[in-house]
Amino acid sequence: MPDLITLTIDGVEVKAAPGTTILRAALERGIYIPHLCDHPDLEPVGVCRLCLVEIEGRRPTVSCKTPVEEGMVVHTSTPDLERTRRVNLELLVASHDYNCQFCARNTRCKLQEVTRYVGLQQEDMDRLRKPPLDQPLDDSNPFFVRNMNKCVLCGICVRTCAEIQGDGCIDFAYRGIRTKISVMGDGPIAESTCVSCGECVARCPVGALVPKKAEEPSYEVETVCPFCGCGCGIIVGARGGRIVSSRAVPGHPASGGSLCVKGRFGLGFVNHPDRLKTPLIRRGGKLVEASWEEAVSLVAERLSRYSGAQLAVIASAKCTVEDNYVLQKFARAVLGTNNIDHCARL
Amino acid sequence: MAGLATALGSGAMTNTIAEIAGASCILAVGTSTTAGHPVIGYRVKEAVRKGARLIVVNPKEVDLCRHADLHLPLLPGSDLALLMGMARVILEEGLQDQEYIDRRCENFEAFKKSLKAFSPEFVARTTGLPWEKIAQAARIYATSKPATILYCMGITQHSHGTDNVLAISNLALLTGNLGRVSGGVNPLRGQNNVQGACDMGLLPNVFTGYQRVEDPAVREKFQRAWGYPLKGTPGLTHTEIFDAAHGGKIKAIYLVGENPLLTEANAGHVREALERLEFFVVQDIFLNETAALADVVLPAASFAEKEGTFVNTERRVQRVRQVIEPVGESRPDWWITCALAREMGGRGFDFQSPEEIFREITALTPSFAGLSYRRLERGGIQWPCPTADHPGTPILHREKFATPSGKGKLVPLSYRPPAETPDGRYPLVLTTERSIFHYHSTMTRHSPGLDDLRGEEELCLSPEDARRLGIVDGDLVEVVSRRGRVEVKARVTRACRPGVVSMSFHFAECPTNTLTSPARDPVAKIPETKVCAVRVSKISR
Ligand code: SF4
Ligand code: SF4
Ligand code: SF4
Ligand code: SF4
Ligand code: FES
């Protein structure tokens, strides 16, 4: 472990590993500095200019791009900083579509955090009010909506797609006041190279990228994605006996806190109406509902008519280790056969 | 994973997923990683961003090629020739790690001799690639260290898949890439718990932890633990099971959580086999195409409705936790199997919880011996984990190999052409692939949204073949093989090389596997769903 660096932020002594930015060091120590474009998973870019701080002996600087140095003395709130920050924020939100009650990001929104800190009021907004952008919603993707009227142009989605997912499907387009995030050719995202992984949706700090089915879970449980062999960690949310959400386990050793479209948006099968809900027994050529007692005794009776050599068990690579162990024990011990295999030996 | 077990003594991924990001070279053979294993794809792209060289060996220009330095679009089924050709270049140009070979490998001379058959002319003709391109790949792989090899379906799903895997381990041994960080040979397991299913002995020849049924000492141990006499001869593999059912030798099958009518090569044969059974019981979460043929269907709980563990492709044993109550009357698979066992008078099936089952597993399985639910609480542990204070094993073969001699075995190999090659009547080669949006059908197809993204099967073919056959994008075409026929929409794309067409196998409406070939790898017995000869023609309406 390298030696920690000691600095002072607003009179508080803070220790941080070399290479940590002032912003991260402050946040970890519980000192809030407004910020929008910084994200712990991404390289800092310093575009929102809300995280300005004063370092004694230097000009004001963005704290998200400045690494800590031994003996640094940092101030996060001075009259000059407050003024600049307010101007920067006003520019950013002049045409923001504030409609918090009906916004999926409400109460977890980074812009609300900043607005509250800066103390922007309704009258400020009225004074600032530029004509709303009135960008049409892009709801072409089956899993998430893009509402560019709420976008703060932090670029987190752009960097996420380039640095985390790795394809770079979206980018800044146009200039000046018309700047916005779009896919190549500015069409609907469903017609782009986007693979719907939702990594950008998970990181957007505001309500510009939100999941379509945004039911709040009443509780969450950490488990493992049931689809492919990556074994990504997922945190599944449920309410009323239904699965309503899924998100990545941050810092998971196998997935590093990422997911693909299946782990994030593909769990709908669990509550699909077609799920089998009772045992079925073939009677008169048709499969009809039966009780567990009937089904179990019928299967047991029929299987016991045969010798091990006449029986086979085909197992599943989707079941748990425990399910599988019991199954091969059953095959080998009770049915007396080594005729057991699974379809995906790959 | 018979191949890796021969050479290295273990058939699993040798390194971790996270390490891929640190490789200097990634050789991706027969894997369309960004589609099949998207999050592993993220690590591959991260490595490339950091400067790694990526070589993609795949008949089709898969998505991964966008990030590659070199794409080798070989003729389907010629992987072995290409890999042996690379080994030849490495030795001819002295790029091997001789010190490593001398210290850690055996059989070098015999292996070297077997390379004679792989002359540049032969390799170029067999693979359909210029020799210089193969040489270039070999140089990049051998000189950028650490180098990792990723492979999956594409390479194992051939009638000579086992040899392909050996050819891969040969390359890694020659260059000293085994047992080092960010190196290794890494089979990417398809479904979530394929690794765990293998680890648990859902194979005809081994108990848990690859303990062989033929080994009397192993058998004795399990007999004592279970209180039953156990058979010492390996059973039938799944393709042999369907054959035996077809031939009337197997009379009853208990099938859990699979849909072979959709996923097996030569699905028509499988259907006939299942229809001939006297008794067929299926346990699943949906009434899929295969379950519809059953005499009894038992409703299983989904992953979200039970406790347990999965083992991912990097051997990480992880806790699966119950989120909601089982839907309807469905029950966890272990509960159902235990109920059947008890009804048949079975002893030792009174488990009250998956944790109790896990304790029995760890008591009988050396590579799991040190694991417990408590230890798996956070992030999981990679086996082998022999004792309760062992941290698990992220990288295999660090000091020695798991073979009897402790050495890595270089295996001489010879080339065998694919079981089915194109001819006048079936002039095109069909290969199967997967889409990022689906995984073996039943679950993904019942997830609203995923189906919208790619709702329909397509036949991809090259513009050259399309022109010759008078087909344009979107035409309905028929695809006919020696075994079956399907109708499908055509997609004309440069991603296919002339002579090669591709389809996926996720859709019940268009079961691709009624077309594919039943020829099998003689050792691993994996059916050849990757290569089969077909003809394609436009359907006029
Ligand atoms: S993005 Fe934030 S500030 Fe804007 S409406 Fe939504 S919650 Fe309110
Ligand atoms: S969409 Fe969200 S993440 Fe992307 S730039 Fe706008 S606010 Fe930032
Ligand atoms: S969903 Fe994934 S692929 Fe699509 S734009 Fe966002 S990060 Fe990129
Ligand atoms: S989230 Fe995607 S990559 Fe991760 S395990 Fe699930 S299917 Fe595989
Ligand atoms: S957070 Fe520092 S400039 Fe945006």
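Residues numbered from 1 in each chain as written. Chains lettered and ligands numbered in written order. Predicted model: local features only at pLDDT ≥ 70, side-chain atom pairs only at ≥ 80, totals over all residues. Heavy atoms only, no water.

Moving on, we get to the overall build of chain B. When its secondary structure is counted, chain B shows 20 helices and 19 strands. Every one of the 541 residues in chain B was classed for burial, and the buried ones make up 65%. Put simply, of all contacts in chain B between residues at least 6 apart along the chain, 70% involve residues at least 24 apart. Just so you have it, chain B exposes about 17900 Å², and 51% of that area is on carbon and sulfur atoms. (Helix = DSSP H or I, 4+ residues; strand = E, 2+ residues; numbered from the N terminus. Buried < 20%, exposed > 50% of the residue type's maximum accessible area, 1.4 Å probe, protein only. Contact = heavy atoms within 4.5 Å. Areas by Shrake-Rupley, 256 points an atom, 1.4 Å probe, with all protein chains shown as cover.)

Residue and element names in this part refer to chain B. If you walk across this open sheet you meet the 5 strands as β3-β2-β1-β5-β6, and the pairing is parallel. Two strands in the sheet have a free side with no partner beyond their single neighbour: β3 (70-72) and β6 (185-187). Sheet twist, expressed as the mean angle between neighbouring strand axes with direction ignored, is 15°. With 3 bridges connecting them, strand β5 (residues 147-151) and β6 associate as parallel partners. Looking at β6, one finds that Ile-149 is bridged to Val-185. (Pairing = 2+ DSSP bridges. Axes fitted to C-alpha atoms, helices over the stretch in contact; angles between N-to-C directions.)

All names here are of chain A. Its domain assignment divides chain A into domain 1 (5-77), domain 2 (85-211), domain 3 (219-271) and domain 4 (281-342). Look at where the C-alpha atoms of domain 2 and domain 3 centre, and you get two points 25 Å apart. Contacts between the two partners involve 10 residues from domain 2, matched on the other side by 7 residues from domain 3. Surface buried jointly by domain 2 and domain 3 totals about 610 Å² across both partners, of which 55% is contributed by carbon and sulfur atoms. On the domain 2 side of the interface with domain 3, the three residues burying the most area are Phe-143, Cys-197 and Glu-199, jointly 59% of the side's total. (Domains from an automatic or database assignment. Buried area = accessible area lost by both parts, 1.4 Å probe.)

Attention now goes to unusual backbone geometry. Residue Lys-145 of chain B is joined to Pro-146 of chain B through a cis peptide bond whose omega torsion reads -5°. Note that Pro-146 of chain B resides in the loop between α8 (131-143) and β5. Residues Trp-383 of chain B and Pro-384 of chain B are joined by a peptide bond in cis, for which omega reads 0°. The topology assignment puts Pro-384 of chain B in the loop between β12 (381-382) and β13 (408-409). Of note, Asp-10 of chain A is a non-glycine position whose phi angle comes to about 50°, a positive value. In this fold, Asp-10 of chain A is placed in the loop between β1 (5-9) and β2 (12-16). The exposure class assigned to Asp-10 of chain A is partly exposed, which follows from its relative accessible area of 35%.

We now examine the packing of aromatic side chains. Scanning the entire structure with this criterion turns up 16 aromatic pairs over all chains. Relative to Phe-265 of chain A, the ring of Phe-143 of chain A lies with its centre 4.7 Å away and its plane at 5°, an arrangement referred to as stacked. In this pair, Phe-143 of chain A sits in the loop between α4 (122-128) and β6 (144-146) while Phe-265 of chain A sits in helix α7 (residues 261-265), placing the two residues 122 residues apart along the sequence. Given the relative accessible area of 7%, Phe-143 of chain A is considered buried. Here the aromatic cluster, defined as three or more aromatic residues joined through ring pairs, consists of Tyr-325 of chain A together with Phe-207, Phe-222 and Trp-226 of chain B. A cation over a ring is seen here: Lys-329 of chain A above Phe-349 of chain B, with NZ or CZ 5.1 Å from the ring centre. Taking the ring centre of Tyr-373 of chain B as reference, the NZ or CZ of Arg-319 of chain B above it sits at 4.1 Å. (Phe/Tyr/Trp six-rings, centres within 6.5 Å; stacked < 30°, edge-to-face > 60°. Lys NZ or Arg CZ within 6 Å of the ring centre and 35° of its normal.)

Once that is clear, we can look at the nonpolar core. Counting residues in hydrophobic clusters, the biggest one holds 111 residues, and the most contacted among them are Phe-269 and Phe-330 of chain A together with Trp-226, Tyr-254 and Phe-368 of chain B. By residue number, the principal contributor to this core is helix α9 (residues 321-334) of chain A, which donates 8 residues. Core analysis: the next-biggest nonpolar cluster, separate from the first, contains 52 residues, Leu-74, Ala-81, Ile-101 and Leu-129 of chain B among them. (Core = buried A, V, L, I, M, F, W, Y, C linked by side-chain atoms within 4.5 Å.)

Let us now look at the site of ligand 1. Every one of the 13 residues lining ligand 1 counts as a neighbour, but His-96, Cys-100, Cys-103, Cys-109 and Gly-207 of chain A are closest to it. Here the residues of the shell around ligand 1 sort into 6 nonpolar, 5 polar and 2 charged. (Near = heavy atom within 4 Å. Nonpolar A, V, L, I, M, F, W, Y, C, P; charged D, E, K, R; others polar.)

Running from amino to carboxyl end, α9 of chain A crosses helix α16 (residues 333-343) of chain B at an angle of 20°, the nearest separation of the two axes being 8 Å. When the interaxial angle is binned, α9 of chain A and α16 of chain B end up roughly parallel. Between α9 of chain A and α16 of chain B lies a crossing of left-handed hand. In contact with Glu-322, Asp-323, Val-326, Leu-327, Phe-330 and Val-334 of chain A of α9 of chain A, α16 of chain B contributes Asp-333, Trp-334, Thr-337, Cys-338, Leu-340 and Ala-341 of chain B. A breakdown of the residues in the contact of α9 of chain A with α16 of chain B according to their chemical character gives 8 nonpolar, 1 polar and 3 charged. (Parallel < 35°, antiparallel > 145°, perpendicular 65-115°, else oblique. Left-handed = near helix turned anticlockwise from the far one by under 90°.)

All right, on to the side chain of Asn-170 of chain B then. All names here are of chain B. With respect to the helices and strands, Asn-170 occurs in helix α10 (residues 161-174). Looking at Asn-170, its side chain comes within polar contact range of the main-chain nitrogen of Val-411, at 2.9 Å. Contacts of Asn-170, omitting those with residues within four sequence positions, involve Phe-111, Lys-409, Leu-410, Val-411 and Leu-413. (Polar contact = N/O pair within 3.5 Å; in protein donor to acceptor, adjacent residues only side chain to side chain.)

For the rest of this paragraph, the subject is the interface of chain A and chain B. Taken together, the contact between chain A and chain B spans 106 residues of the former and 145 residues of the latter. Viewed at the interface, chain B and chain A are joined by 6 salt bridges. Residues Glu-305 of chain B and Arg-275 of chain A are paired through a salt bridge, measuring 2.8 Å at the closest nitrogen-oxygen approach. Joining chain A to chain B, the criterion identifies 60 residue pairs in polar contact (both at pLDDT 80 or more). Element by element, the count of residues in the side of chain A that touches chain B is highest for α9 of chain A, at 13 residues. When its residues are assigned to classes, the side of chain A that touches chain B shows 61 nonpolar, 27 polar and 18 charged. As paired elements, strand β13 (residues 280-283) of chain A and strand β9 (residues 296-299) of chain B share 2 bridges and run antiparallel to each other. Counterpart to Ile-281 of chain A in the pairing with β9 of chain B is Val-296 of chain B. (Salt bridge = Lys/Arg side-chain N within 4 Å of Asp/Glu carboxyl O.)

With that out of the way, let us pick up the sheet that holds strand β14 (residues 286-289) of chain A. Spatially, the 7 strands line up as an open sheet ordered β14(A)-β13(A)-β9(B)-β8(B)-β7(B)-β15(A)-β16(A), and their pairing is mixed. The sheet is open, and its two borders are formed by β14 and β16 (340-342) of chain A, each paired with just one other strand. Averaged over all pairs of adjacent strands, the angle between strand axes in this sheet comes to 20°, irrespective of strand direction. Note that β13 of chain A and β14 of chain A share 4 bridges and pair antiparallel. Pairing of Arg-282 of chain A across the sheet is with Leu-287 of chain A, part of β14 of chain A.

As judged from the 5 bridges shared by β1 of chain A and β2 of chain A, these two strands associate in the antiparallel manner. Within the sheet, the bridge partner assigned to Thr-6 of chain A lies in β2 of chain A and is Lys-15 of chain A.

All names here are of chain B. The pairing of strand β15 (residues 458-461) with strand β17 (residues 485-492) spans 4 bridges and is parallel. Its bridge partner lying in β17, Leu-461 is registered against Val-492. Alignment of strand β16 (residues 476-481) against β17, held across 5 bridges, turns out to be antiparallel. Pairing of Val-477 across the sheet is with Val-488, part of β17. Hairpin remark: β16 followed by β17, antiparallel, with 3 residues in the connecting loop.

Once that is clear, we can look at the state of the cysteines. Residue and element names in this part refer to chain B. Using the criterion set out here, one finds 0 disulfides over all chains in the structure. Of all cysteine sulfurs in the structure, the one in Cys-496 sits closest to Cys-65, which takes part in no disulfide; the separation is 12 Å. For Cys-65, a relative accessible area of 12% gives the class buried. (Disulfide = S-S within 2.5 Å.)

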